[in-house]
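Analysis of the macromolecular model
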Amino acid sequence: PRSDCIAAEQLCLLDSTCNGTYRILENCALAKTRFLPLDHDSRVQCLNAELDLGNSSLLHCKCHRRMKREEHCLRVFWTIHSSMTDGYFNLETSPYENPANEEHWKTDYNKLAALLSGKDCSQLARDATNPCLKATHVCNLSKKCVRLRTEYASICTKGAGSEEVCDRRKCHRGLRNFFEKVPEDFTKRILFCPCQDELCGERRRKTIVPNCSFQYSTKPNCLWLLDSCLEDHICKSRLADFQQNCQPADTSPDGCSQHSHAACLQAYMGMIGTPMTPNYVSNSSAEVSLWCTCESSGNEKEKCDQILGMFENNKCL
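Anyway, here's the lowdown on the structure attached to this text. (Residues numbered from 1 in each chain as written. Predicted model: local features only at pLDDT ≥ 70, side-chain atom pairs only at ≥ 80, totals over all residues. Heavy atoms only, no water.)

Observations concerning the packing of aromatic side chains
- Enumeration according to the criterion identifies 6 aromatic pairs in this entry.
- Here the aromatic rings of Phe242 and Phe311 are separated by 4.6 Å at their centres, their planes lie at 10°, and the arrangement is stacked. Of this pair, Phe242 sits in helix H14 (residues 233-245) while Phe311 sits in helix H16 (residues 301-312), and the two are 69 residues apart along the sequence.
- Phe242 gets classed as buried once you look at its relative accessible area, which sits at 1%.
- An aromatic cluster is built from Tyr152, Phe178 and Phe179, whose rings are joined through pairwise contacts. (Phe/Tyr/Trp six-rings, centres within 6.5 Å; stacked < 30°, edge-to-face > 60°. Helix = DSSP H or I, 4+ residues; strand = E, 2+ residues; numbered from the N terminus. Buried < 20%, exposed > 50% of the residue type's maximum accessible area, 1.4 Å probe, protein only.)

In structure tokens, the structure reads:
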């Protein structure tokens, strides 16, 4: 059976041959992370080390979404698969276990139904014209949902309008906490609530608190955004997951090559709180994008357009 990468690493370190090979790969991955050029002999040594692990449980290990020590698990995965990160779009496989194989977070609907009574129910009835406001009130019925939502909103609105004061890293961490720790029944309601008017659209757009987490004072180049993502184990992993699960396909009924629109939405949510945080572009549409531009991309304009296109022109998403 496929093990998670932390367990696989522990087994490998107990075996002297596997341990030695793994240490070589750690140095290879470190050089790649720091963009240090490797000579021909070093590249061959790295490739041979990866091939030597062919029979190891490390080679087929995966990580689970929302697992403890997730970052450690992802670091192990990318140490083993460091050769996959050459170039821009060679993140061939997601480090995460297939969503279908994972136990989904479950909401206690009986408990939720009990809460949706009396005053709460009348409040929700009044919110019927604004699904995003209604989704917020549903979140308020869960202590965890309202606590983590209040937490990131507080961090992400400090110094709104003043980039020097806004701590984007803390804001992103708060957003990741919310989308990782709150059951998807609540988070999906808030993020994907259907809107018919701009008031609702504004609330939906501000779920990601654009002033701090999404919008910079000037739009950076998308290639720079990608580079900053590939330097971060979590962002790189979420991007690989997004690329795998949101790959568009004209022949598929839902537009997804993996035939799972739900898995794509889950992967999209995973991008929120990373350097490549997406958001709705306006109050009047459901279009999403990254906050970046492809101007001044020179001979890499095509690559840059591909990055934007993953979000802006993606049939699956």
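We are not done yet, so read on.
Section: the nonpolar core
- Grouped together as the largest cluster of nonpolar side chains are 51 residues, with contacts concentrated most on Phe178, Phe179, Leu239, Phe242, Met276, Ile307 and Phe311.
- Inspection of this core shows a minimum of three residues originating in each of domain 2 (109-214) and domain 3 (222-313).
- When sequence neighbours within four positions are dropped, the list of residues in contact with Phe178 reads Cys145, Leu148, Arg149, Tyr152, Thr187 and Ile190.
- Membership of the second largest hydrophobic core comes to 22 residues, among which are Ala8, Cys12, Leu53 and Cys61. (Core = buried A, V, L, I, M, F, W, Y, C linked by side-chain atoms within 4.5 Å. Domains from an automatic or database assignment. Contact = heavy atoms within 4.5 Å.)

Examining the environment of Leu290
- Position of Leu290 among the secondary structure elements: in strand E2 (residues 288-290).
- The exposure class of Leu290 is buried, given its relative accessible area of 2%.
- Between the C-alpha atom of Leu290 and that of Gln215, which follows or precedes it by 75 residues, the distance is 9.2 Å.
- Contacts of Leu290, omitting those with residues within four sequence positions, involve Phe214, Leu225, Met276, Thr277, Pro278, Ile307, Leu308 and Phe311.

Let's talk about the side chain of Ser289
- With respect to the helices, strands and loops of the structure, Ser289 is situated in strand E2.
- Within the structure, the side chain of Ser289 is placed 2.8 Å from the side chain of Glu312, a separation counted as a polar contact.
- Filtering out sequence-adjacent residues up to four positions away, Ser289 remains in contact with Phe214, Pro278, Asn279, Val281, Leu308, Phe311 and Glu312. (Polar contact = N/O pair within 3.5 Å; in protein donor to acceptor, adjacent residues only side chain to side chain.)

Focus on the pattern of salt bridges
- Under the counting rule described, the total for this entry stands at 12 salt bridges.
- Residue Glu202 pairs with Lys206 through a salt bridge whose shortest N-O separation is 3.1 Å.
- For Asp250, the salt bridge is made with Lys315, and the minimal N-O distance between the two is 2.9 Å. In this pair, Asp250 sits in the loop between H14 and helix H15 (261-271) while Lys315 sits in the segment after H16, placing the two residues 65 residues apart along the sequence. Both residues of the pair, Asp250 and Lys315, count as exposed.
- Here the salt bridges share partners, and the residues they tie into one network are Arg23, Glu26 and Arg75. (Salt bridge = Lys/Arg side-chain N within 4 Å of Asp/Glu carboxyl O.)

Description of helix H1 (residues 5-13)
- All buried positions along H1 are accounted for by Cys5, Ile6, Ala8, Glu9 and Cys12. One side of H1 carries all its buried residues, which in axial view fall inside an arc of 160°. (Arc of directions from axis to C-beta.)

Description of the state of the cysteines
- Taken as a whole and assessed by the stated rule, the structure comprises 14 disulfides.
- Cys156 shares a disulfide with Cys171; S-S distance 2.0 Å. As the torsion about the S-S bond is roughly 105°, the Cys156-Cys171 disulfide counts as right-handed. Of the two residues, Cys156 sits in helix H8 (residues 143-157) while Cys171 sits in helix H9 (residues 168-181), which places them 15 residues apart along the sequence.
- By relative accessible area, which is 0% here, Cys156 ends up buried.
- Across the disulfide, Cys256 is cross-linked to Cys316 (sulfur-sulfur distance 2.0 Å). When the S-S torsion is 95°, as for the bridge of Cys256 with Cys316, the disulfide is right-handed. Residue Cys256 is located in the loop between H14 and H15, and its partner Cys316 is located in the segment after H16; the two are separated by 60 residues in the primary sequence. Of the two residues, Cys256 and Cys316, both sit in the buried class. (Disulfide = S-S within 2.5 Å.)

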